[in-house]
Amino acid sequence: MAAEQSKEPVRIPGQLPVLPLRDMVVYPFIIAPLSIARRSSIRAVDKALADNRMVLLLTQRDRDEDNPGVDDLYQVGTVAVIMRMLKLPDERIRVLVQGVCRARVKALEGGVPYHVAQVEPLLEPARVPGEDEDSIESEALMRTVKKALERGVNLGKNLPSEVQVIASNLEDPGRLADLVASNLELEAPAAQSVLELIDPIERLRLVAQQLKRELDLLSMQHEIDSLARDEIDRSQREYYLRQQMKAIRSELGEGSETEEEIEEIREKIKDRALPEAVREEIERELRRLERMHPDAAETATIRHHLEWLVELPWDIATEDAIDLKEAQRVLDADHYGLDPVKERIVEYLAVRKLKPEHKGPILCFVGPPGVGKTSLGRSIARAVGRKFVRVSLGGVRDEAEIRGHRRTYIGSMPGRIVQSIRQAGSRNPVMMLDEVDKLANDFRGDPQAALLEVLDPEQNNGFRDHYLGIPFDLSQVLFIATANLMDTIHPAFRDRMEVIRIPGYTEEEKLEIARRHLIPKQLGENGLGDAEMSFSDGALRELIARYTREAGLRNLERRIAAICRKAARKVAEGGKAPSRVAASSIEVYLGPPPPQAEEKLEGALTGVATGLAWTAAGGDVLYIEAIKMRGKGRLTLTGQLGGVMKESAQAALSWARSHAAAIGIPEAAFSEYDLHVHVPEGAIPKDGPSAGITIATALVSVLSERPVRRDVAMTGEITLRGRVLPIGGVKEKVLAARRAGARDVILPKANEKELGELPKGVAEELRFHAVEGMEEVLPLVLGPAPEPAARPAGPPGGAPAADAAGDGDDTGAVDEAPASEEVGVRRR
């Protein structure tokens, strides 16, 4: 018998003539020749040829019955199409039929000239390849049956070559079962039981059992005929016996869970393009698992290891969406501003488009909290079409958190890098290493040192996790690190990253971000619609200027959320939300604004200078106060100043003494008065050299009794010769001056080129003075000397001193923080 695929569905009539068969069963899609001699059967064929060429083939229960009745025929048969007919000289006919589908007899009318049946087609349940829960079993059964057919041919089974070809190409389990059953030498009851099974999986399982029995018979015959052959190889014999044991267990319903698990793993990795080392490791672990007792202690460890090896995306990668315009659109839609960062990402995509094998860069976003570093990573992943995973490293102090634990430990796991790769389901995700500046180290190792290999493009193509024990390629991962400070990052670690600084936002940028992102988000989260409530520009400016003076946006979002919650409560109580929140109503919702630590930048005071500082949270304004009192030239420093800031104060005083005549200070002032320099907010440690010119200005002001303009903010390091050296954090400091209401900003000449990086509008509101020496600073900030007046006897409280330079006992408690050229104020 042969098989032929049906090209299109055939409509089955409700009534068909019956053609009884002796000792054979014809299956759907099978072509079979029939020899017909009975008169009733010939008339049934003639009737079919006169109508639609269709007959119902029913097998007789008793082959010797010449005139079968209704009860002598099985109730399930095959609807067939008569393809050809040949009349023989002895009045017999030969026909060639092809099965169409299974059918059940609803009613059978016997008699002359032939049987007629009312039929009901039996259709197989619809199955979607790869989505059905039995797909794995179906695939395993099909492969078993196909291999068994090949083995049967090798053992001498007489099987036409076209049947072998058709069987190897069939993907439908039901048709494969019918084809194999039609070519086995089955007795009529066994063949009929196959026909009556509608479910293709059950049918294929039954056929597999029949085929195994046939193979056992052929194998026994082969052994009898091959008594002279060499002894079977031990490993082949072991495999054969295992298969026999598996079949016996299956027959008894005692299948081994471990064996099923091993077979499932082998099926999973069969068609995957795994690296050779990975495949060998999996096979080695599977062989170990096969030899182990299921209840052994190490069995669970091997299973867990195998699970990680199989589930990791060794061969799965997402394709980059190299559309530069679309990427730019996504970045612009998600984040307002941050143009340098966006430009760098688009440049990376451009290089990937021209050179796909280019190794990904390691970017490090450095900036104050709340400026959007983490959310920017998600936008980058969306722009390039990759998966996004975030690894939080804050407080991690164990090297095994990065490299994983060795499998000898109980409860061992891979490191966070490998865990994130599995979570992403792709070997080339965008991986954000969050808060890398907060990594710590102790006796368990240094996580920053472990990350050196991860972030080195020349080494990370063979990153070896201690748990896996085999290398994993990280060269396609786009790593993005975030940090608030660079000081705590190891120099070798810092050297592997491309640092992109993200400064604080200007008032206009905050205003635009609030309109585009924060307000719609909070309205949605609090159950309010855009049409129900809105914020005026004045209200937003009030929130930014008086309630949330910060570099980032988190407090601004919290304030907006607080207003939305109050409006939501009013709506929930049956009222109506305000249609528009004005500046005048902000205090009603949030209460009075919090007090500001700084005084208003108005008027001019003697001995008080306005400096600028850089902190981890952005720029800040720093007020430096100086007073003089009767004494012997002693210098006292208070306000938790670090060592670098103390030295800056001493250098400023030395410069003032050496230039006293030129700047209008009486020479006797340095020996007749003690000086006290204080930086307010004494609970906060402060350090760095950038307050040098501010301290010098305060000292000159108090000694010459000339007031200092409060609306002039300044920053710069001073030398003994009065030179003004460059500093860091220019943009953050300028933004802080603008928030505080300054009109003029003094900065070193060497930092003038950085003014071009300021946001639009800032440079127009402030006047900048780039200076090279203190002789340029003092005319800009000091007012004229007051009119001479009778000098009083001297303020009380002056203490005599024998030394012009203060020692540690009189400078107050100072936090000796590490010096940094870019740090003006450090807050903890």
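Residues numbered from 1 in each chain as written. Predicted model: local features only at pLDDT ≥ 70, side-chain atom pairs only at ≥ 80, totals over all residues. Heavy atoms only, no water.

Draft legend 1. Main features of the overall build of the protein. For the protein, the count of helices and strands is 27 helices and 27 strands. Buried residues in the protein amount to 47% of all 828 residues. Considering only contacts in the protein between residues 6 or more positions apart, those separated by 24 or more positions represent 75%. (Helix = DSSP H or I, 4+ residues; strand = E, 2+ residues; numbered from the N terminus. Buried < 20%, exposed > 50% of the residue type's maximum accessible area, 1.4 Å probe, protein only. Contact = heavy atoms within 4.5 Å.)

Draft legend 2. Examining the layout of surface pockets more closely. One number sums up the size of the second largest pocket: a volume of about 870 Å³. Looking at the second largest pocket, it is lined by 29 residues, and the ones nearest its centre are Pro340, Pro503, Lys731, Glu757 and Pro759. Counting only elements with at least two residues in the lining of the second largest pocket, the list comes to helix H12 (339-354), strand S14 (498-501), helix H18 (507-525) and helix H25 (730-740). For the lining of the second largest pocket, the per-class residue count stands at 13 nonpolar, six polar and ten charged. (1 Å grid on protein atoms, 1.4 Å probe; cavity = no way out; pocket = protein on both sides within 12 Å on 5 of 7 lines; lining within 4 Å. Points joined across faces, edges and corners; volume = space filled by probe spheres on them. Nonpolar A, V, L, I, M, F, W, Y, C, P; charged D, E, K, R; others polar.)

Draft legend 3. Spatial organisation of the sheet that holds strand S18 (residues 608-615). Taken together, seven strands build an open sheet; the order of strands is S20-S21-S19-S18-S23-S26-S27 and the sheet is mixed. Both edges of this open sheet fall to strand S20 (635-638) and strand S27 (767-771), since each of them pairs with a single strand only. Geometrically, the sheet is characterised by an average inter-axis angle of 25° between neighbouring strands, direction not taken into account. In the sheet, strand S23 (residues 712-714) pairs with strand S26 (residues 744-748) via three bridges, with the strands oriented parallel. Among the inter-strand pairings, Ala713 is bridged to a residue of S26, identified as Val745. Where helix H22 (residues 643-658) meets the sheet, its contacts fall on strand S19 (618-630), S20 and strand S21 (673-678), and the angle it forms with S20 comes to roughly 150°. Set on the sheet, H25 makes contact with S18, S19, S23, S26 and S27; between it and S19 the angle comes to about 70°. (Pairing = 2+ DSSP bridges. Axes fitted to C-alpha atoms, helices over the stretch in contact; angles between N-to-C directions.)

Draft legend 4. The sheet that holds strand S13 (residues 478-483), seen in detail. The strand order S9-S10-S13-S8-S14 describes an open sheet built from five strands, whose pairing is parallel. The sheet is open, and its two edges are formed by strand S9 (388-392) and S14, each paired on a single side. Across the sheet, the mean angle from the axis of one strand to that of its neighbour is 25°, orientation sign disregarded. Where strand S8 (residues 362-366) meets S14, four bridges bridge the pair, whose relative direction is parallel. Its bridge partner lying in S14, Phe365 is registered against Ile500. Contacts from helix H13 (residues 373-384) reach S8, S9, strand S10 (430-434) and S13 within the one sheet, and its direction differs from that of S10 by about 175°.

Draft legend 5. View of the pattern of salt bridges. Following the criterion strictly, the structure yields 52 salt bridges and no others. The salt bridge involving Glu281 is made with Arg284; its shortest N-O contact spans 3.0 Å. Taken together, the positions of Glu281 and Arg284, both in helix H9 (residues 276-291) and three residues apart, correspond to about one turn of that helix. When its relative accessible area of 36% is taken as the criterion, Arg284 is described as partly exposed. Between Asp711 and Arg743 there is a salt bridge whose closest N-O contact spans 3.0 Å. With Asp711 in the loop between strand S22 (708-709) and S23 and Arg743 in the loop between H25 and S26, the pair connects residues that are 32 residues apart, well separated along the chain. What you see here is one network of salt bridges that share partners, running through Glu281, Arg284, Glu285, Arg288 and Glu298. (Salt bridge = Lys/Arg side-chain N within 4 Å of Asp/Glu carboxyl O.)

Draft legend 6. Examining the packing of H18 against helix H20 (residues 554-572) more closely. Orientation of H18 relative to H20, taken along the N-to-C sense of each, is 45°, at an axis distance of 10 Å. Classified by the interaxial angle, the pair formed by H18 and H20 is oblique. In this structure, H18 crosses over H20, and the sense of that crossing is right-handed. In this structure, H18 contributes Lys510, Ala514, Leu518, Ile519, Lys521, Gln522 and Leu523 to the contact, and H20 contributes Leu556, Glu557, Ile560, Ala561 and Cys564. (Parallel < 35°, antiparallel > 145°, perpendicular 65-115°, else oblique. Left-handed = near helix turned anticlockwise from the far one by under 90°.)

Draft legend 7. Fine view of the pairing of S20. With burial as the criterion, each face of S20 is covered, one bearing Leu635 and Leu637 and the other bearing Thr636 and Thr638. As paired elements, S20 and S21 share four bridges and run parallel to each other. Along S21, the bridge assignment pairs Leu635 with Leu675.

Draft legend 8. View of the pairing of S10. Burial runs high along S10: five of the five residues are buried. Side chains Val430, Met432 and Asp434 project from S10 onto one buried face, and the interleaved Met431 and Leu433 project onto a second face that is buried too. Two elements, S9 and S10, share five bridges in a ladder whose sense is parallel. Across the sheet, the residue bridging to Phe388 is Val430, located in S10. Sheet topology note: the S10/S13 ladder contains four bridges and is parallel. Counted as the bridge partner of Met431 is Phe479 from S13.

Draft legend 9. Seen up close, helix H19 (residues 537-547). For H19, every residue scored as buried is listed here: Ala539, Leu540, Glu542, Leu543, Ile544 and Tyr547. If you follow the buried residues of H19, they end up packed against H18, strand S15 (534-535), H20, strand S16 (580-581) and helix H21 (586-590).

Draft legend 10. Representation of the side chain of Asp711 in the model. Classification of Asp711 as buried rests on a relative accessible area of 11%. At a separation of 3.2 Å, a polar atom in the side chain of Asp711 contacts the side chain of Arg709. (Polar contact = N/O pair within 3.5 Å; in protein donor to acceptor, adjacent residues only side chain to side chain.)

Draft legend 11. Structural detail: the packing of aromatic side chains. If you walk through the whole model with that rule in mind, you get one aromatic pair. Note on Trp314 and Phe472: the rings are 5.0 Å apart at their centroids and 50° apart in plane angle, and the pair reads as tilted. Here Trp314, found in the loop between helix H10 (297-311) and helix H11 (324-334), pairs with Phe472, found in strand S12 (residues 471-472); they are 158 residues apart in sequence, far enough to count as distant. Owing to a relative accessible area of 9%, Trp314 belongs among the buried residues under this scheme. The exposure class of Phe472 is buried, given its relative accessible area of 3%. Of note, Arg422 hangs over the ring of Trp308, and the distance from its end group to the ring centre comes to 4.4 Å. Directly above the ring of Tyr673 sits Lys628, whose terminal nitrogen or CZ lies 4.5 Å from the centroid. (Phe/Tyr/Trp six-rings, centres within 6.5 Å; stacked < 30°, edge-to-face > 60°. Lys NZ or Arg CZ within 6 Å of the ring centre and 35° of its normal.)

Draft legend 12. Focus on the side chain of Asn428. Inspection of the secondary structure assignment puts Asn428 in the loop between helix H15 (416-424) and S10. A residue is classified by how much of its surface remains accessible, and Asn428, at 5% relative accessible area, is buried. Of the polar contacts made by the side chain of Asn428, one reaches the backbone oxygen of Thr318; its length is 2.8 Å. Side-chain polar atoms of Asn428 contact the side chain of Ser426, separated by 2.5 Å. Residues in contact with Asn428, not counting those within four places in the same chain, are Ala317, Thr318, Asp320, Arg386, Gln476 and Val477.

Draft legend 13. Highlighting the environment of Cys364. For Cys364, the position within the fold is in strand S8. Residue classification places Cys364 among the buried positions, given a relative accessible area of 0%. Between the C-alpha atom of Cys364 and that of Arg501, which follows or precedes it by 137 residues, the distance is 8.1 Å. Excluding anything up to four places from it in sequence, Cys364 contacts Ala481, Met486, Met497, Glu498, Val499 and Ile500.

Draft legend 14. How the structure looks around the confidence of the model for the protein. Per-residue pLDDT for the protein averages 82, and the proportion of residues at 70 or more is 88%. Considering only residues more than four positions removed or in separate chains, one finds that residues 789-828, a stretch of pLDDT under 50, has 92 contacts. (pLDDT = per-residue confidence, 0-100.)

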